[in-house]
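Coordinate analysis (summary)
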Amino acid sequence: MELIREYLQLTKPRVVALLVFCAVIGMFLAVPGLPPWRGLVFGTLGIWMASGSAAAFNHLIDERIDKLMVRTARRPLATGKLTAHQALAFAVLLGIASMLVLALLVNTLTALLTFGGLIGYALVYTRYLKRATPQNIVIGGLAGAIPPVLGWTAVTGELHAFALQLCLIIFVWTPPHFWALAIFRREDYARAGVPMLPVTHGVVYTRWQVLFYTILLVLVTLLPAITGMSGLLYLAGAIVLDAGFLYYAIRLLNPPDELYPMKVFKYSIVYLMALFAFLLLDHWLVDPLLQHGAVLQQIG
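Residues numbered from 1 in each chain as written. Predicted model: local features only at pLDDT ≥ 70, side-chain atom pairs only at ≥ 80, totals over all residues. Heavy atoms only, no water.

A short note on the side chain of S51
The cut-off we apply is this: Secondary structure elements are defined from DSSP: runs of H or I of at least 4 residues count as helices, runs of E of at least 2 residues count as strands, and each element is numbered from the N terminus. To sort residues, take the accessible area from a 1.4 Å probe on protein chains only and compare it with the maximum for the residue type: under 20% means buried, over 50% means exposed, and anything in between is partly exposed. Counted as a polar contact is a pair of N or O atoms within 3.5 Å, where, for protein atoms, one must be capable of donating a hydrogen and the other of accepting one, and residues adjacent in sequence contribute only when both atoms are in side chains.
Within the secondary structure, S51 sits in helix α3 (residues 37–61). When its relative accessible area of 14% is taken as the criterion, S51 is described as buried. A distance of 2.8 Å separates a polar side-chain atom of S51 from the backbone oxygen of I47.

Points about a nonpolar patch on the surface
To keep things clear, this is the line we draw: The patches reported here contain residues having more than 30% relative accessible area and no salt bridge. Joining distances are 9 Å for like charges and 5 Å for nonpolar side chains (Val, Leu, Ile, Met, Phe, Trp, Tyr). Throughout, the Shrake-Rupley method with a 1.4 Å probe supplies accessible areas, and for residues the shown protein chains are the sole cover considered. What makes a salt bridge here is a side-chain nitrogen of Lys or Arg within 4 Å of a carboxyl oxygen of Asp or Glu, nothing more.
Where nonpolar side chains cluster on the molecular surface, the patch consists of V204, W208, F212, I215, L216 and L219 and spans about 570 Å² of accessible area. L219 gets classed as exposed once you look at its relative accessible area, which sits at 51%.

With respect to the nonpolar core
Formally: Among the buried residues, those of types Ala, Val, Leu, Ile, Met, Phe, Trp, Tyr and Cys that are joined through side-chain atoms within 4.5 Å form a nonpolar core. By definition in these notes, contact holds between two residues if any of their heavy atoms fall within 4.5 Å.
Among the nonpolar cores identified, the biggest contains 82 residues, and W173, W179, M196, Y271 and F276 are the most heavily contacted of them. Per-element tally for this core: the top contributor is helix α10 (residues 161–184), with 13 residues. Contacts of W179, omitting those with residues within four sequence positions, involve P134, I137, V138, L197, T206, Q209, V210 and Y213.

Focus: helix α15 (residues 232–252)
Quick reminder of the rule: Helices are assigned an expected span. That span is 1.5 Å times one less than the residue count. Taken from the helix axis, the directions to the C-beta atoms give the arc we talk about.
With 21 residues, α15 extends 30 Å from end C-alpha to end C-alpha; this agrees with the ideal 30 Å at 1.5 Å per step. Taken residue by residue, α15 has Y234, G237, A238, L241, D242, G244, F245, A249 and L252 as its buried positions. Relative to the axis of α15, the buried residues are bounded by an arc of 160° and lie together on one face. Exposed positions of α15 whose direction lies more than 90 degrees from the buried face are L232 and V240.

Describing the packing of aromatic side chains
What counts, and what does not: Centres within 6.5 Å are what make two rings of Phe, Tyr or Trp a pair, Trp counting through its six-membered ring; a difference in plane orientation under 30 degrees is then read as stacked, over 60 as edge-to-face, and the rest as tilted.
The full count for this structure, using the stated rule, is 12 aromatic pairs. Taking 5.5 Å as the distance between ring centres and 75° as the angle between the ring planes, the aromatic pair formed by W179 and Y213 counts as edge-to-face. Of this pair, W179 sits in helix α10 while Y213 sits in helix α13 (residues 203–220), and the two are 34 residues apart along the sequence. W179 sits in the buried class, given a relative accessible area of 0%. Using a relative accessible area of 18% as the deciding quantity, one classes Y213 as buried. Where W208 meets F212, the ring centres are 5.9 Å apart and the plane angle is 40°; that geometry is what we call tilted. One end of the pair, W208, and the other, F212, are both in helix α13, four residues apart, so they sit about a helical turn from each other. Looking at W208, the relative accessible area reads 40%, which means it is partly exposed. Among the aromatic residues, those joined into a cluster by ring pairs are F245, Y247, Y248, Y260, Y267 and Y271.

These results come straight from atomic positions and should not be treated as a statement about function.
Pasting the structure below:
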């Protein structure tokens, strides 16, 4: 049982849960009613396994620096509870299984896009970008932003501009989300030699970048309402959530204490989940009501 728990930790279950949640929302937004059960079930399973595989590769590649950082010192490889060979075998097998599920039981497009996301996070970001540039989070954020697109293609078999909007929201959300954590953990990153923005450009500069990206995020989250993807329920929810994020980002410029960046980080997680929940509520509640009203008007 203990060994199973350690393997589960390799998949970063809380992070992957958020990614899969966004993918599932993408599935529900892609169709008028319930998504086809095959795409929903096997798409979710395949995306979860691929995300878990990417996380396991991340553990493997970051083994050295994980031992130097307080936040990651208890990870299975850092503590020696799992060996590098065990982690590699697990990551490879989980990745292969995810591709088989997606390619054989969902569709080829989703399998290819998921494979691209896996490679982008596990190798391009973790192996290269994370150690090469303080813009690592910005450039590598695309891999973490792709789940809604995967969910959309899993049930429709095709890309759509609305799915790309969802991807853009997560892409722009990632820097303020992660840089808030990086500010709090800057000594960890400096000790491990990782060029995160607070380490290379200082905390004050990073705080301003968090604010700039939060403003950009506010603008991007208006797109679903502007393009007709969502309606007033989503727009109202987005405005409230955006106001909260802006408040946190502005206050971060002169925080009340050293723990405040973690409050921003935690709010950003709640923000993303609630934003996508509003997208789903608007899609399920408002759209059917409008359609029903149109039908009654035609009858009348």
